[in-house]
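Spelled out, the chains give:
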Amino acid sequence: MSEYIFPSAYKEGRPVRLCEATRKFAMESLQGKYGTETALYPFVHVDCIESWDDLNDHQKYTASLDVLVRECPLRICEGERVCGAATLGAGIRHQYPAARGGRVFWPSVSHLTVDFGVLVREGILGMRECIANLPTESFDEVAMTRHHALLATLDAMQVWHGRYIEATKERYPQLHELLLRVPLYPAKSFTEAVQSLWFGFAFLRLGGNWPGIGCIDRLLGPYLKRDLAEGKITMDEAREVLASMFIKGCEWIETDTARGSGDAQHYQNIVLGGTDENGCDVTNEVSYLCLEIVEELGISDFPISVRLNKQTPKEFLRLLARVMRHGGGVVAVYNEDTVYSALRAQGYPEADIHDFANDGCWEVQIPGKTYFSYMPMDFLHLLLQDVLHVAEGEFVDFSDMDALKAAYAERMKQHIEGTCEAVLSGTVPAWREGSDVFRLAFPTPMIDLFEHGCAESGRGYLEGGTPYVVISPHMGGVGDVANALCAIDHLCFIEKRMSVPALCEILRNDWNGQEQLALYAKHKLPHYGNGDAAADAYYAWAVDAFADACAKYAKSYPIAFPPGISTFGRQIEWMAHRTAVPHGYRRGEILAGNTSPTPGTDTAGATATVRSYCASDLSRMTTGAALDIKLYPGTLEGENGLCALEGLMQGFCALGGYFMQVDVLDVQTLLDAREHPEQYKTLSVRVSGWNARFVTLDDAWQRMVLERAGYLPEEQA
Amino acid sequence: MRVADIQRFCTHDGPGLRTTVFFKGCPLRCVWCHNPETQKFESEMMLHTALCAGCGACVEICPAGAQILTQTDRYRKVELCVGCGACAGACPTEACRAVGREMTPEQVADAVCEDAVFYATEGGVTLSGGEPLCTDGIEQLVPLLKKRGLHVLVETAGACESARLARVAPYVDEFYFDIKHTDPQKHRELTGALPDAILHNLALLDSLGARIRLRCLLVNGLTTEKEHFERVAALYHSLVHCTGVQLLRYHPMGGSKAAALGLADSGRREWIPTEEQIRRAAQILTEHKVPIFL
Ligand code: SF4
Ligand code: SF4
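Residues numbered from 1 in each chain as written. Chains lettered and ligands numbered in written order. Predicted model: local features only at pLDDT ≥ 70, side-chain atom pairs only at ≥ 80, totals over all residues. Heavy atoms only, no water.

Enquirer: Which residues make up the overall build of chain B, and what values go with them?
Expert: In terms of regular secondary structure, chain B is built from 10 helices and 13 strands. In terms of C-alpha radius of gyration, chain B reaches 20 Å, essentially the compact-globule figure of 19 Å for 294 residues. With respect to the three principal axes, the spread of C-alpha positions in chain B is 60 × 45 × 30 Å. Expressed as a percentage of its 294 residues, the buried residues of chain B come to 52%. Counting only contacts in chain B whose residues sit at least 6 apart along the sequence, the fraction spanning at least 24 positions is 70%. Accessible surface, chain B as shown: approximately 12,900 Å² in total, 53% of it carbon and sulfur. Positive and negative side-chain charges of chain B, numbering 31 and 35 respectively, have mean locations separated by a distance of 1 Å. (Helix = DSSP H or I, 4+ residues; strand = E, 2+ residues; numbered from the N terminus. Rg over C-alpha atoms; globule rule 2.2 N^0.38 Å. Buried < 20%, exposed > 50% of the residue type's maximum accessible area, 1.4 Å probe, protein only. Contact = heavy atoms within 4.5 Å. Areas by Shrake-Rupley, 256 points an atom, 1.4 Å probe, with all protein chains shown as cover. Lys, Arg positive; Asp, Glu negative; His and termini not counted. Charge placed at Lys NZ, Arg CZ, Asp CG, Glu CD.)

Here is the structure:
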């Protein structure tokens, strides 16, 4: 038994494997002890730097980084097995934590997975040598500033590292020993590899960046295998070491967070399992340890995604199901087959395809080689506003469904084209005039160290230094688009109850005076998400039309615009500009997130929802399409519950799904958490592709989570 | 075949992930019935007042004046209702709903197979009710499901024709067989029928080599006596192919459905068994070397 209980949606609670000291450390970290401490020290003042105005941006960056690593607070926690901490609070707010005149001046980088393997394998010194020896004869002045900045950044890391060596000398001999070797030199053992990885990660976060870690089992697995074989470590010891890293990863959780769209994660994704270029499954001891740690501690700050394929070991799938059952949506899954098809179609070389990770949520990218961002687009609004003109009242009378679809598809095309052209002409004018550098926003040398191509080309992460530059247009509201099209077809063409303009007039009046018809549209018409082939056909059409609209720019250069589907939480902010919809919902009602069905319309259960979601060719959604599935703990009891989760995942893969997030929510728990937030500090829920602590969500978000859980607030019941 | 409901993602009706088909109609009338909407063989109307939006469409369309909707009242006069189903068609919210859909065995099998990709190795289909073995067409359906490679489980109270049972048995992977009560008189009081034919069917199934799990519903004060479980143990030992006994707990949720049918709410909180009663029942069975499932 343990004094520290980590919340679970499953009645039998979580297993206890880690030692009591580690569990205590985890509880403190999750309850915000370190995050609160970090927030109190937001940045380092760099007013001392002389002739500031004479410096170029990269010199400003590295000069302030030098001050920062010398002056930032150090943190060494009792019981930690790996050392280093991102102790500057501005990082939590996505800023470079250096200030002049009391103000920070640069943002930082997120939505990427970098390659920490370089540091683990080569050490700081190895990396330095490699960069110092790069051929720079062809570099111009601009490229040379990047080159020097990289070397200065490595020096800064070494200074920071030196301070930890010094600080551990007296009281922490084990950590001290470890730090004397890594990350200065290549890691030689599992513990060294974890320390090295963690140090690189913490260093980037010290500079305010939010990197993902990616395929951690591929990186650390071989070290652990060797140590185990040589009897240097046991699985229990390895678990403690790795747990330390997971717990330290929660050091940005604050006790009292401002409520908003959820704080709990900083895109520090981890990807597990999957096959390598020989088609062999790579699941190893580290994959199991990662899942065991989150199974025990319920840590959600490292969102984990598992790459499923036909070879995924049965025991691993079972462990995955066990973790899922505890709720919190901590672990999600990719169907590797679909991801591979999507990446192949995009033209990535085979070697890169097998390395895929994500940007921190679930948008797939090639780690350490990709600049990534995405453009959220409300396609429901596009339909209501630009095709049906609901708000303006200048309605178009479509003669049949094909005419309406054609107009909508054309509008999609124009929208994508307009947006991509705007990005290209706004961002890359220099490139168009023959320069390699196409975007100068702010320096990123910390990131550039871990992104392939940057050092070699003398270009930064935001300047086209990476081999791939991806800005993904993301279709939002697809579930509602499907339901809206289906409702229009039924009301106006199949049942011939009214013309399209007449329906638009009703929508303009927000269904007032037509309540009965609204109920009919909401409850009796077929809806996407119930495994109903006729309704799902509208969804499949919308996905295809969107993919077609993106085709022209999907592989363009220097920026590619491959499509994906998401809303994340934007269905909340989009509420404000959306009108009433043809499927019976009024203005201001919460509609569908990601690729999920409209809340309240999916009544046929999880398997039907998965079938519907898989009814389109998801491999056309290059960067991904997320499905959120919500289950109740009561349906997942015992052995059968685990079989059910496994069956759900296997079916999801067999039908060609892309990314699925299974959350196990208990309405009662959520209601209680609403009443007593202080008792549910660590209760995490995944909302639309990322997870958050429930108590940090504001009212509209909590309402959405509750509605997804099947709870109808009084005013609607 | 008249189907009351097809439920997917079921994890309480047999191994793995399953689809459960509830058939309409049962010859027994257990006082504690959990699914009163499956007792009658005919289609019935249900009214879920919680879903009613008060639009009045059902009142307007009802030819019998059976739908009552006033400021304070919302109910259906069961004695007036002629079961025409017009209200269900008109109702925009599914508050008025007909339970009992005519389907062919092929249609049922197709509906079940829609989820086949999720069943993995353990899961499959569960036929329940009502009494599935009293449904016409069951002899066609069961071999059809088997032919499609599904694990088929039948939940039965054994109150059916023996010949039909014998024809179906070879295609069923497992039977969950309800033992309502082991005292013949009590059996009659509680279910409306004597158990003789049922016990005969149980023995028949066993002689055919069917895999059987017995199930006992614990209803506080009605089926919780010590002697009952001793006789259940004896029954278990009389069978060759029985894997054990499952203890189920009564819950009063059936009452809400009775209310929706326009019947008196039959749910009784005092019937919920105590933990002690469950523990004792399990203990008696264990003492008699009966494997139990909880
Ligand atoms: S089913 Fe009954 S209540 Fe409904 S319309 Fe017909 S007679 Fe009226
Ligand atoms: S038609 Fe349906 S929603 Fe309308 S009053 Fe009747 S039961 Fe209620």
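Enquirer: For the interface of chain A and chain B, give the residues involved together with the corresponding values.
Expert: Across the boundary between the two partners, chain A contributes 27 residues, which contact 24 residues of chain B. In this assembly, chain A packs against chain B so that about 2,000 Å² is buried in total across both faces, 61% of it on carbon and sulfur atoms. When residues of chain A are sorted by the area they lose upon contact with chain B, Lys524, Thr607 and Asn640 of chain A head the list and together hold 26% of the total. Salt-bridge contacts for glutamate 114 of chain B lead to arginine 611 of chain A; the nearest nitrogen and oxygen are separated by 3.3 Å. Counting the contacts that link chain A with chain B gives eight residue pairs in polar contact (both at pLDDT 80 or more). Where the side of chain A that touches chain B is concerned, the elements lending two or more residues are helix H21 (515-524), helix H24 (606-613) and helix H25 (638-654) of chain A. (Buried area = accessible area lost by both parts, 1.4 Å probe. Salt bridge = Lys/Arg side-chain N within 4 Å of Asp/Glu carboxyl O. Polar contact = N/O pair within 3.5 Å; in protein donor to acceptor, adjacent residues only side chain to side chain.)

Enquirer: Any details on the sheet that holds strand E3 (residues 103-104) of chain A? Residues and values, ideally.
Expert: Residues and elements named next belong to chain A. Pairing is mixed in the open sheet, where three strands are placed in the order E1-E2-E3. Two strands close off the open sheet at either side, each with one partner strand: strand E1 (44-45) and E3. Sheet topology places E1 next to strand E2 (residues 98-100); two bridges connect them, and they run parallel. Across the sheet, residue valine 44 finds its bridge partner in E2, namely alanine 98. (Pairing = 2+ DSSP bridges.)

Enquirer: I'd like a rundown of the side chain of glutamate 240 of chain A, residues and numbers included.
Expert: Residues and elements named next belong to chain A. Looking at the element boundaries, glutamate 240 is found in helix H9 (residues 235-248). Although glutamate 240 is buried, it forms no salt bridge, and the closest oppositely charged side chain is arginine 81 at an N-O distance of 4.0 Å. For glutamate 240, the contacting residues outside a window of four places in its chain are Arg17, Leu18, Cys19, Thr22 and Arg81.

Enquirer: Summarise the domain arrangement of chain B; cite the residues concerned and give the values.
Expert: All names here are of chain B. In terms of domain boundaries, chain B breaks down into domain 1 (2-42 + 100-293) and domain 2 (44-99). Tallying the contact residues gives 11 residues for domain 1 and nine residues for domain 2. In total, domain 1 and domain 2 occlude about 790 Å² of area from one another, counting both sides; carbon and sulfur atoms represent 56% of this. Summed over the three residues of domain 1 that lose the most area to domain 2, namely Gly100, Ala260 and Leu261, the buried surface amounts to 55% of that side. In this assembly, domain 1 and domain 2 are joined by two salt bridges. Across the pair lysine 24 and glutamate 44 runs a salt bridge, and its minimum N-O distance is 2.6 Å. (Domains from an automatic or database assignment.)

Enquirer: Residues and numbers for helix H8 (residues 226-238) of chain B, please.
Expert: Residues and elements named next belong to chain B. Under the 1.5 Å per step criterion, the end-to-end length of H8 is 19 Å for 13 residues, consistent within 8% with the ideal 18 Å. Burial in H8 covers these residues: His228, Phe229, Val232, Ala233, Leu235 and Tyr236. Projected down its long axis, H8 carries its buried residues within an arc of 160°, all on one side. Those residues of H8 that are buried are in contact with helix H7 (196-207), strand E11 (212-218), strand E12 (242-249) and helix H10 (275-287). (Expected span 1.5 Å × (residues − 1). Arc of directions from axis to C-beta.)

Enquirer: I'd like a description of the packing of helix H4 (residues 117-132) of chain A against helix H5 (residues 141-168) of chain A, backed by residues and values.
Expert: Residue and element names in this part refer to chain A. The contact between H4 and H5 brings their axes to 10 Å, and the two run at 140°. It follows that H4 is oblique to H5 by the angle criterion. As H4 packs across H5, the resulting crossing turns out to be left-handed. Residues Leu119, Ile124, Leu125, Met127, Arg128, Ile131 and Ala132 of H4 pack against His147, Leu150, Leu151, Leu154, Asp155, Met157 and Gln158 of H5. (Axes fitted to C-alpha atoms, helices over the stretch in contact; angles between N-to-C directions. Parallel < 35°, antiparallel > 145°, perpendicular 65-115°, else oblique. Left-handed = near helix turned anticlockwise from the far one by under 90°.)

Enquirer: Describe helix H3 (residues 57-71) of chain A, with residues and values.
Expert: Residues and elements named next belong to chain A. Along its 15 residues, H3 runs 21 Å from first to last C-alpha, staying within 8% of the 21 Å computed at 1.5 Å per residue. The set of residues buried in H3 consists of His58, Lys60, Tyr61, Thr62, Ser64, Leu65, Val67, Leu68 and Val69. Those residues of H3 hidden inside the fold are in contact with E1, E2, H5, helix H7 (190-206) and helix H17 (445-448). Backbone nitrogen of histidine 58 and a side-chain oxygen of the N-cap are separated by 3.0 Å at the start of H3; the cap is asparagine 56.

Enquirer: How would you summarise the pairing of E12 of chain B if you had to cite specific residues and measurements?
Expert: All names here are of chain B. Pairing geometry for E11 and E12, over seven bridges, is parallel. What sits directly across from cysteine 216, in E12, is leucine 247. In this view, the connection linking E11 to its parallel neighbour E12 by way of H8 has right-handed handedness. Relative to strand E13 (residues 292-293), E12 runs parallel, the two being bridged by two bridges. The partner of glutamine 246 across the bridge, within E13, is phenylalanine 293. (Right-handed = clockwise from strand over helix to strand, strands pointing away.)

Enquirer: Tell me about the site of ligand 1, and name the residues and values.
Expert: Near ligand 1 you find 14 residues, and of these Cys62, Cys81, Cys84, Gly85 and Cys87 of chain B are the closest. Its residues assigned to classes, the shell around ligand 1 comprises 10 nonpolar, three polar and one charged. (Near = heavy atom within 4 Å. Nonpolar A, V, L, I, M, F, W, Y, C, P; charged D, E, K, R; others polar.)

Enquirer: Tell me about the domain arrangement of chain A, and name the residues and values.
Expert: Residue and element names in this part refer to chain A. For chain A, the domain assignment lists domain 1 (8-358) and domain 2 (364-623). The C-alpha-based centres of domain 1 and domain 2 are spaced at 33 Å. Around 3,700 Å² of area is buried between domain 1 and domain 2 when both sides are counted, 71% of it from carbon and sulfur atoms. Our count for the domain 1 to domain 2 interface comes out at two salt bridges. For arginine 146, the salt bridge is made with glutamate 463, and the minimal N-O distance between the two is 2.4 Å. Across the side of domain 1 that touches domain 2, the residue classes tally to 30 nonpolar, 11 polar and five charged.

Enquirer: Any details on the packing of aromatic side chains? Residues and values, ideally.
Expert: Residue and element names in this part refer to chain A. One pass over the structure, following the stated rule, counts 33 aromatic pairs over all chains. With 5.4 Å between their ring centres and 75° between their planes, tryptophan 52 and phenylalanine 105 make a pair best called edge-to-face. Remark: phenylalanine 105 occurs in the loop between E3 and strand E4 (112-113) and tryptophan 52 occurs in the loop between E1 and H3; sequence separation between them is 53 residues. With relative accessibility at 27%, the residue phenylalanine 105 sits in the partly exposed group. Taken together, the aromatic side chains of Tyr334, Tyr340, Phe356, Trp362, Tyr374, Phe568, Tyr658 and Phe659 make up a single cluster linked through ring pairs. Above the face of the tyrosine 10 ring, arginine 325 is positioned so that its terminal group lies 3.9 Å from the ring centre. Here arginine 497 stacks its cationic end above the ring of tyrosine 520, 4.1 Å away from the centre of that ring. (Phe/Tyr/Trp six-rings, centres within 6.5 Å; stacked < 30°, edge-to-face > 60°. Lys NZ or Arg CZ within 6 Å of the ring centre and 35° of its normal.)

Enquirer: I'd love a proper account of the confidence of the model for chain B, names of residues and values included.
Expert: Summing up the model confidence of chain B, the mean pLDDT is 92 and the portion of residues at 70 or higher is 100%. Two numbers describe this predicted complex: its pTM, 0.91, and its ipTM, 0.90. (pLDDT = per-residue confidence, 0-100.)

Enquirer: Lay out the site of ligand 2 in plain terms, naming residues and giving numbers.
Expert: Residues in contact with ligand 2 amount to 14 residues; listed here are only the nearest, Cys52, Cys55, Cys58, Arg74 and Cys91 of chain B. Residue classes in the shell around ligand 2 are distributed as 10 nonpolar, three polar and one charged.

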